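In case you want the letters, here they are:
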Amino acid sequence: MGPRASTIWYVDAPDPASVLRAGPAPDADAAHALVQQLYPETTAVPLPSSSLDLSAAPGEREVFVGAYPGVTVICSQHLALKRPSTIDCSWTRPLASEHTYLVCSESGVPWGSFAHWERGELRRSFSATASLIHENTGLPLVWERSYWAGEHPPPRSFDRFPDPLSLPFHPGEFSDAANLQWLGFGHASADGELSASDLTVCGFTLYSAGEEPPAPRRPEVRGLRRWWRRIAG
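Now for a look at the structure at hand. Here the structure is a predicted model, which is why all the values come from computation and not from measurement. (Residues numbered from 1 in each chain as written. Predicted model: local features only at pLDDT ≥ 70, side-chain atom pairs only at ≥ 80, totals over all residues. Heavy atoms only, no water.)

Here's the deal with the overall build of the chain
Stage number 1. Looking only at helices and strands, one finds seven helices and nine strands in the chain.
Stage number 2. Pairs at least 24 apart in sequence give 65% of the contacts found in the chain among residues at least 6 apart.
Stage number 3. Surface summary for the chain: the accessible area is close to 12,900 Å², and the carbon and sulfur share equals 53%. (Helix = DSSP H or I, 4+ residues; strand = E, 2+ residues; numbered from the N terminus. Contact = heavy atoms within 4.5 Å. Areas by Shrake-Rupley, 256 points an atom, 1.4 Å probe, with all protein chains shown as cover.)

Some details on the environment of S76
Stage number 1. Tracing the backbone shows S76 in the loop between β4 (71-75) and α4 (89-92).
Stage number 2. Among the residues examined, S76 registers a relative accessible area of 1% and is labelled buried.
Stage number 3. Each C-alpha atom, one on S76 and one on A57, is 7.2 Å from the other, the two residues being 19 residues apart in sequence.
Stage number 4. When residues no more than four places from it in sequence are discounted, the contact partners of S76 are S6, Y39, P58 and W91. (Buried < 20%, exposed > 50% of the residue type's maximum accessible area, 1.4 Å probe, protein only.)

Regarding helix α2 (residues 28-38)
Stage number 1. Here α2 has its buried residues at A31, L34, V35 and L38. Angular distribution of buried residues about the axis of α2 spans 100 degrees; they occupy a single face of the element.
Stage number 2. Capping the start of α2 is the job of one residue whose side-chain oxygen sits 3.1 Å from the backbone nitrogen of D29: D27. (Arc of directions from axis to C-beta. Polar contact = N/O pair within 3.5 Å; in protein donor to acceptor, adjacent residues only side chain to side chain.)

Here we look at the pairing of strand β7 (residues 121-129)
Stage number 1. As paired elements, strand β6 (residues 111-118) and β7 share eight bridges and run antiparallel to each other. Each residue of the ladder has a partner; that of W111, found in β7, is T129.
Stage number 2. Counted between consecutive antiparallel strands, the loop separating β6 from β7 contains two residues, among which R119 sits at a positive phi close to 50 degrees.
Stage number 3. Looking at chain direction, β7 and strand β8 (residues 133-137) are connected through four bridges and run antiparallel. Note that in β8 the partner of S125 across the bridge is T137. (Pairing = 2+ DSSP bridges.)

Digging into helix α6 (residues 171-183)
Stage number 1. A rise of 1.5 Å per residue sets the reference length of α6, with its 13 residues, at 18 Å; its end C-alpha atoms lie 18 Å apart and thus fit the reference within 8%.
Stage number 2. Burial of α6 is extensive: ten of the 13 residues sit out of reach of the surface.
Stage number 3. Backbone geometry just downstream of α6 places G184 in the positive-phi region, at approximately 90 degrees. (Expected span 1.5 Å × (residues − 1).)

Quick look at the packing of aromatic side chains
Stage number 1. Overall, the coordinates contain 17 aromatic pairs when judged by the stated rule.
Stage number 2. Relative to F174, the ring of Y147 lies with its centre 5.2 Å away and its plane at 45 degrees, an arrangement referred to as tilted. Placement of Y147 in helix α5 (residues 145-148) and of F174 in helix α6 is noted, with a sequence separation of 27 residues between them. There is no split in this pair, since Y147 and F174 are both buried. (Phe/Tyr/Trp six-rings, centres within 6.5 Å; stacked < 30°, edge-to-face > 60°.)

Notes on the nonpolar core
Stage number 1. In terms of nonpolar packing, the biggest core is built from 32 residues, with W9, L20, L52, Y68, V71, F185 and L199 touching the most fellow members.
Stage number 2. L34, A44, L102 and A115 belong to the second-largest nonpolar core, a separate cluster that totals 22 residues. (Core = buried A, V, L, I, M, F, W, Y, C linked by side-chain atoms within 4.5 Å.)

This is the structure we're talking about:
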């Protein structure tokens, strides 16, 4: 999903994986309305659509949204928090969804985070680097058991002793496992399985109040006239 994955998902569908496997086209109008709801002090100007794997690490002024039947995803830098529980409440349930899932990680960096809200109430939140837990709130989920038991050890360097405080797993892989459990796909999906590259999202650039969004490009009139004279003879 790129160098950094910063995503939040709003889910009402009982089986979100089946919705995503169907390859639904995103609802551009719903996406735009949601961006304006979350960023009311800005003007959101549409960007070309892209795949989720290329959009999960947006620029500071960019937001990507995939609005599908019963499942909506937002990609924004503002989601990569050390403590997911501190995210503004406007993000936890803007669509009155049954479930909200946040999943963040960064490629090449031993950090990852995830969180789950049910009807707006926080149920589970985790964020850590390789040897420092920033947040570990709520009861661990069943799928977490094998990670805490050391069945998914992180890569070790043979030229130095491991930090005695190191977690028994890579936190980025841990957050990816949450993504797999909740949404049916992971960053490293196998061939033939659902992957982030299969999902199309709508992009937007955010302009602050007082900023002038770029005017739409107009066709070059003189060039069109010359072209018409040539073909008209």
